[in-house]
Amino acid sequence: EGSMNPNPSPKGRGEYESLAARFLKMSAKERLVLVGNGMAGMRTLEELLTIAPDRYDITVFGAEPYGNYNRICYRRCWRARKRSSRS
């Protein structure tokens, strides 16, 4: 019964805190995670990288198997392509 203590001893917590502190010191950049590969989120990342290019370690999670693209401009390009193929 005593071996399943849900509250670790202060010494145990201190070990974890010092491990976390060492990890944070190793990582000079702030971690930034973006979930989704939508236009708004990607535009926000572009702006953040313009303002502070070396500040963040960025990870993007998305279901798409390809990189982000500007869907608004893509529509115009697609229409122009359809028109040129008709001529």
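Quantities reported herein were computed from a predicted structural model and do not represent experimental measurements. (Residues numbered from 1 in each chain as written. Predicted model: local features only at pLDDT ≥ 70, side-chain atom pairs only at ≥ 80, totals over all residues. Heavy atoms only, no water.)

Some remarks on the pattern of salt bridges
Enumeration over the complete set of coordinates arrives at four salt bridges. A salt bridge links D57 to R31, with the nearest nitrogen and oxygen atoms 3.8 Å apart. Of this pair, D57 sits in strand β2 (residues 56-61) while R31 sits in strand β1 (residues 30-35), and the two are 26 residues apart along the sequence. Here the salt bridges do not stand alone but share partners, grouping R43, E46 and E47 into one network. (Salt bridge = Lys/Arg side-chain N within 4 Å of Asp/Glu carboxyl O. Helix = DSSP H or I, 4+ residues; strand = E, 2+ residues; numbered from the N terminus.)

Some thoughts on a nonpolar patch on the surface
Side chains of V33, V35 and F61 sit close together on the surface and give an oily, nonpolar patch of about 320 Å² of accessible area. Relative to the helices and strands, V35 resides in strand β1. (Patch = residues over 30% accessible without salt bridge, like charges linked within 9 Å, V, L, I, M, F, W, Y side chains within 5 Å. Areas by Shrake-Rupley, 256 points an atom, 1.4 Å probe, with all protein chains shown as cover.)

So, the environment of L45
You can see L45 is positioned in helix α2 (residues 39-51). Once the C-alpha coordinates of L45 and I58 are considered, the two residues, 13 residues apart in sequence, prove to be 8.7 Å apart. Here L45 is in contact with L32, L34, I58 and V60, once residues within four sequence places are set aside. (Contact = heavy atoms within 4.5 Å.)

Quick word on the environment of V35
Note on V35: relative accessible area 70%, which makes it exposed. Between the C-alpha atom of V35 and that of F61, which follows or precedes it by 26 residues, the distance is 4.9 Å. (Buried < 20%, exposed > 50% of the residue type's maximum accessible area, 1.4 Å probe, protein only.)

Details of the pairing of β1
As paired strands, β1 and β2 are joined by six bridges and run parallel to one another. In the strand pairing of β2, V33 is matched with T59. For the segment spanning β1, α2 and β2, crossover handedness is right-handed. (Pairing = 2+ DSSP bridges. Right-handed = clockwise from strand over helix to strand, strands pointing away.)

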